[in-house]
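Structure at a glance
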Amino acid sequence: MLRELIHKDLVLNRNALLLNNGLFAVMVTALAHQGIGGQEYGFFSSLFFSFTAITVLVREDKFKARALGCSLPVTARGIVIGRYVLGPAAGGAGALFALSLPLVLPTSSIPGDQILAAETALTCISTITITLALLVPVTIRFGMFGILALLVGLQVLGVAAFALARRFEDVALGPGHAVRWIASALGDAHAALGGLGFSLATLACLAIVSMLSCQASVAIFERRRTG
Amino acid sequence: MNDNAIEIQGLGKRFGDFALKDVSFSLPRGYVMGLIGPNGAGKTTIAKLVMNLIRRDTGTIRVFGKDNVAAEVEVRARIGFVYDEPCFYDDANLEQHARAIAPLYPGWKQSRCERLADRFGVPPRKKFKALSHGMKRKLALVLALSHDADLLILDEPTSGLDPLFRRDLLDCLADVLQDEGKSVLFSTHIVSDLERVADYVTFLNQGQILFSLDKEELAENWAIIKGDESVVAAVEECDRRGIRKSRYGVEVLTCNVGSARKLLGADAVVERASLEDIMVLMTQQEDRHAA
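Read on for a plain summary of the structure.

Rules behind the numbers
Residues numbered from 1 in each chain as written. Chains lettered and ligands numbered in written order. Predicted model: local features only at pLDDT ≥ 70, side-chain atom pairs only at ≥ 80, totals over all residues. Heavy atoms only, no water. Helix = DSSP H or I, 4+ residues; strand = E, 2+ residues; numbered from the N terminus. Rg over C-alpha atoms; globule rule 2.2 N^0.38 Å. Buried < 20%, exposed > 50% of the residue type's maximum accessible area, 1.4 Å probe, protein only. Pairing = 2+ DSSP bridges. Axes fitted to C-alpha atoms, helices over the stretch in contact; angles between N-to-C directions. Contact = heavy atoms within 4.5 Å. Polar contact = N/O pair within 3.5 Å; in protein donor to acceptor, adjacent residues only side chain to side chain. Buried area = accessible area lost by both parts, 1.4 Å probe. Salt bridge = Lys/Arg side-chain N within 4 Å of Asp/Glu carboxyl O.

This part is about the overall build of chain B. For chain B, the count of helices and strands is eleven helices and 14 strands. Since a compact globule built from 291 residues should have a radius of gyration of about 19 Å, the 21 Å found for chain B is in line with a globular shape. Its C-alpha atoms give chain B principal-axis dimensions of about 65 × 40 × 40 Å. A buried classification covers 54% of the 291 residues belonging to chain B.

See the structure below:
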């Protein structure tokens, strides 16, 4: 049933997905020439391509097509899980495509060993999982305008945080310090657990986050569907 | 084998200040039931409850003998549903919609879909947004009929269509139904649509069933008696279903025309009650009682 549901989403959103992912392909190609590190490149590439599932949800809301999906011989849980499979699959495929670019493009500024490093793969998986875990429930609950408001709000928040960080650089509780504290905590965990242990612990945490998000999305979807 | 396509018992659902109360009726296999009533009567709510698109508060719904919640997937596979509002992708055409949903239905037949599209005159490669309102309805019908559903639930399929297009759509539908003996629950407030296709009529007002009867029985026993005030007194109170007074006289809707004829004799002016007459007179009476 999952395969059929994903097939439905891909057929009905084919043009929009081709357009979006084509645009992302151009963006990551440009990014491969910007002189950034492998992990940063992996982060942005995965972020772009993880929007496939969000595009599907947004279009479903835009065309009020949820009713169509709900009248098909499938369960609400199946519909939601379909999106949680499609998201990482499309995000992962997009990230693999993006990561292959620096390896095949002679003009790319990103060294191949950084692309092939385990940290880059972990960054990609984390980005895709966390993006979907946060955005899928919000999109199911608040629809197209909700997700647009959230994305615009996050950008405004980011700009404000950046401005605050510059203004209060020496204040201990400033946003810059918070980011540095998180980075330092992750660094400590990495040192304590070792490379493999840290990777396994991260993957386990991501699996839990993803499962919790999926449960929340199913509950929201059921509630919105059944009134 | 269960002989009913739909069996509803004691169904209840509350939404804010609207409530569907103790709704019970059944639709035998192979027949067409018209679900009529004014806007806001609860027709769409019943259709959605049968599809398990909204959760019922009380009661039971069995489709082909199976509980529609416990056997949700199995039940939906046997139903073709047409919504009262379009729910298709604007930038996709009939072919794409069919290709997307076909694998989810075990009984989908592509040749049938193509034949129906041809019969209904729906262009297979025209985007949904470029279709006229009537064509959009026909596209929904083509998709609902292509998996060889045993039960069709059509929620206001003709609303917003002009009379010519409505007639055309109903003719197409009647052709398919006549050939294949499917069960149909057809909700509408345009009651004239049902005169030609329905076998049973269920009348709903303010969330309650006022009657659920064979159309033949309605035609035989229900009538409008015209006259002066004496007509009101002549029709037994228990048989009176509605009264309309105007400066030209009084019209009484009775559900026992035989008895009224006996009481009034040859002086009575008795006319056949159309479904529209029944709906208007009963709704007015119910609204007066409610007020």
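Residues and elements named next belong to chain B. Spatially, β12-β13-β11-β14 is the arrangement adopted by the four strands of the open sheet, whose pairing is antiparallel. The open sheet is flanked by β12 (240-246) and β14 (269-272), the only strands paired with a single partner. On average, each strand axis in the sheet is inclined to that of its neighbour by 20°, with strand direction left out of account. Bridge analysis of strand β11 (residues 223-227) against strand β13 (residues 249-254) gives five bridges, and the strand direction is antiparallel. Bridged to A223 within β13 is T254. On top of the sheet, helix α10 (residues 257-264) reaches β11, β13 and β14; it is set at about 25° to β11, its chief contact.

It is worth spelling out the sheet that holds strand β8 (residues 183-188) of chain B at this point. Residues and elements named next belong to chain B. Within the open sheet, the six strands sit side by side as β6-β7-β8-β3-β9-β10. Their pairing is mixed. For this open sheet the edge positions go to β6 (79-82) and β10 (208-214), each flanked by a neighbour on one side alone. Sheet twist, expressed as the average angle between the axes of neighbouring strands with direction ignored, equals 15°. Note that strand β9 (residues 200-205) and β10 share six bridges and pair antiparallel. Bridging across to β10, T202 finds its partner in S212. Those strands touched by helix α1 (residues 43-50) are β3 (32-36), β6, β7 (151-155), β8 and β9, and its axis lies near 145° from that of β7. The strands touched by helix α5 (residues 133-145) within the sheet are β6 and β7, with β6 carrying the most contacts at an inclination of about 170°.

Moving on, we get to the side chain of H97 of chain B. Here H97 of chain B shows up in helix α3 (residues 94-101). With relative accessibility at 1%, the residue H97 of chain B sits in the buried group. Within the structure, H97 of chain B has its side chain in polar contact with the backbone nitrogen of Y89 of chain B (distance 3.0 Å). Apart from residues no more than four positions distant in its own chain, H97 of chain B is found in contact with L12 and L68 of chain A together with F88, Y89, A92 and L143 of chain B.

Every contact between the two is made by 27 residues of chain B and, on the other side, 26 residues of chain A. Across the interface of chain B and chain A, roughly 2,600 Å² is buried in total on both sides, 61% from carbon and sulfur atoms. Here D91 of chain B ties to R59 of chain A by a salt bridge, and the two come within 2.9 Å at their closest N and O atoms. Connecting chain B to chain A are five residue pairs in polar contact (both at pLDDT 80 or more).

Of all eight residues in α3 of chain B, six are buried, a share of seventy percent or more. Burial in α3 of chain B covers these residues: L94, Q96, H97, A98, A100 and I101 of chain B. Contacts from the buried residues of α3 of chain B go to α1 (2-12), α2 (14-31) and α5 (66-70) of chain A together with α4 (110-120) and α5 of chain B. Two to three positions downstream of the cap, the backbone nitrogen of E95 of chain B sits 3.1 Å from a side-chain oxygen, assigning the N-cap of α3 of chain B to N93 of chain B.

These values are about where atoms sit, not about what they do.
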